[in-house]
Amino acid sequence: MIINKSYKYEQFNLIGFNRPICEKNLTKLVSLNEEKNRFHLFPIVVDKSFNIIDGQHRFEACKKMHTPIYYVVDDSEADHWGTITDVNQAGKKHSIGDVYEMLLRDNDVSCTEIFTVALEFPNITAGTLCNYFINNQTREKTVLDRMKKREHKLHNFEHRLNLLREFIATFGYFKLGHARQVLKLLTKVSQNNIRKFLSSLREKGFIPVRGWSTTTFREELLRIHNKNRTKHRVAF
């Protein structure tokens, strides 16, 4: 593989859907290489049109330091999305939030829906919302894996959105593990009127604590729901 060298910064292109430049990482890269430049040991990867597939932070650091760009050309016809999400394993790995931002830039329909929810609930992270709304019925792959492979789908979006709103309105907070337990119980009892259901739990004395573990929350939730019931008791 031939390692090329260039000072023509303008010929390189950042791919639009890639995650944004992290200023903290960029500053660290510059600091580590100011005394002894090692960028030639880790060339960036570009396609035949000089779109940067891997190494956008190294590219920006070289520009900032006015040093040459060392690069190799991947002349395969591989899908850029797959390559970018696969090669980012050695450096700072993609988080759910990173992949969400990338999909959003690429006009992904599911992430656009989640974005509208994020505007309504700015205190809930995008990663938490993705974990909440995206279908992960089988545990063979994580939500992150599904998003990276573009196999993600929203699951019962309107129902989950209504629960999110009512959960916060009733209990004053939202915790992913706690909300999932309520979802399980709702499914078990086939209850569609979420507001009425949550209000009935409160009337029975269910007052969850934000600091509860998911296990404690589930046990207390089931205890209150099953209270004074001889039939139709629920367990999960």
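Whatever comes next refers back to the structure up there.
Residues numbered from 1 in each chain as written. Predicted model: local features only at pLDDT ≥ 70, side-chain atom pairs only at ≥ 80, totals over all residues. Heavy atoms only, no water.

## Brief notes about the sheet that holds strand β3 (residues 44-46)
Remark on secondary structure: sheet strands pair via backbone hydrogen bonds, oriented parallel or antiparallel.
Logical step 1: Reading across from one edge, β1-β5-β3-β4-β2 is the order of the five strands in this open sheet, with mixed pairing throughout. Each end of this open sheet is capped by a strand with a single partner; those strands are β1 (4-6) and β2 (13-14).
Logical step 2: One ladder, built from three bridges, connects β3 with strand β5 (residues 69-73); its direction is parallel. From the neighbouring strand, Val46 faces β5, where its bridge partner is Val73.
Logical step 3: Here helix α2 (residues 56-65) sits on the sheet in contact with β2, β3, β4 (51-54) and β5, set at roughly 120° to β4. (Pairing = 2+ DSSP bridges. Helix = DSSP H or I, 4+ residues; strand = E, 2+ residues; numbered from the N terminus. Contact = heavy atoms within 4.5 Å. Axes fitted to C-alpha atoms, helices over the stretch in contact; angles between N-to-C directions.)

## Notes on the packing of helix α5 (residues 109-120) against helix α8 (residues 157-171)
In a pair of packed helices, the angle between the axes and the distance between the axes together describe the arrangement.
Logical step 1: The geometry of α5 relative to α8 is characterised by a closest axis approach of 12 Å and an angle of 10° between their N-to-C directions. What the angle tells us is that α5 and α8 run roughly parallel. Residue-level contacts link Glu113, Val117 and Glu120 of α5 to Phe157, Leu161, Leu164 and Arg165 of α8.
Logical step 2: For the contact of α5 with α8, a count of residues per class yields four nonpolar, no polar and three charged. (Parallel < 35°, antiparallel > 145°, perpendicular 65-115°, else oblique. Nonpolar A, V, L, I, M, F, W, Y, C, P; charged D, E, K, R; others polar.)

## Topic: unusual backbone geometry
Logical step 1: Even without being glycine, His66 reaches a positive phi, approximately 60°.
Logical step 2: With respect to the element layout, His66 can be found in the loop between α2 and β5.
Logical step 3: The backbone of Asn107 sits at a positive phi, close to 60°, despite the residue not being glycine.
Logical step 4: Positionally, Asn107 belongs in the loop between α4 (96-105) and α5.
Logical step 5: Judged by relative accessible area, Asn107 falls into the exposed class, the value being 64%. (Buried < 20%, exposed > 50% of the residue type's maximum accessible area, 1.4 Å probe, protein only.)

## Examining α5
Logical step 1: Look at α5: 18 Å from first C-alpha to last across 12 residues, which is about the 16 Å you get at 1.5 Å a residue.
Logical step 2: Those residues of α5 that sit buried are Ser110, Cys111, Ile114, Val117 and Ala118. Axial view of α5: buried residues confined to an arc of 110°, hence all on one face. Every exposed residue of α5 that faces more than 90 degrees away from the buried side is listed here: Val109 and Leu119.
Logical step 3: Structurally, α5 contributes buried residues whose contacts are with α4, α6 (126-133), α7 (143-148) and α8. (Expected span 1.5 Å × (residues − 1). Arc of directions from axis to C-beta.)

## Thoughts on the environment of Phe59
Logical step 1: Mapped onto the secondary structure, Phe59 falls in helix α2.
Logical step 2: A C-alpha to C-alpha distance of 9.6 Å links Phe59 and Leu26, two positions 33 residues apart in sequence.
Logical step 3: Setting aside its immediate chain neighbours within four residues, Phe59 contacts Tyr9, Phe12, Leu14, Ile44, Ile52 and Ile69.

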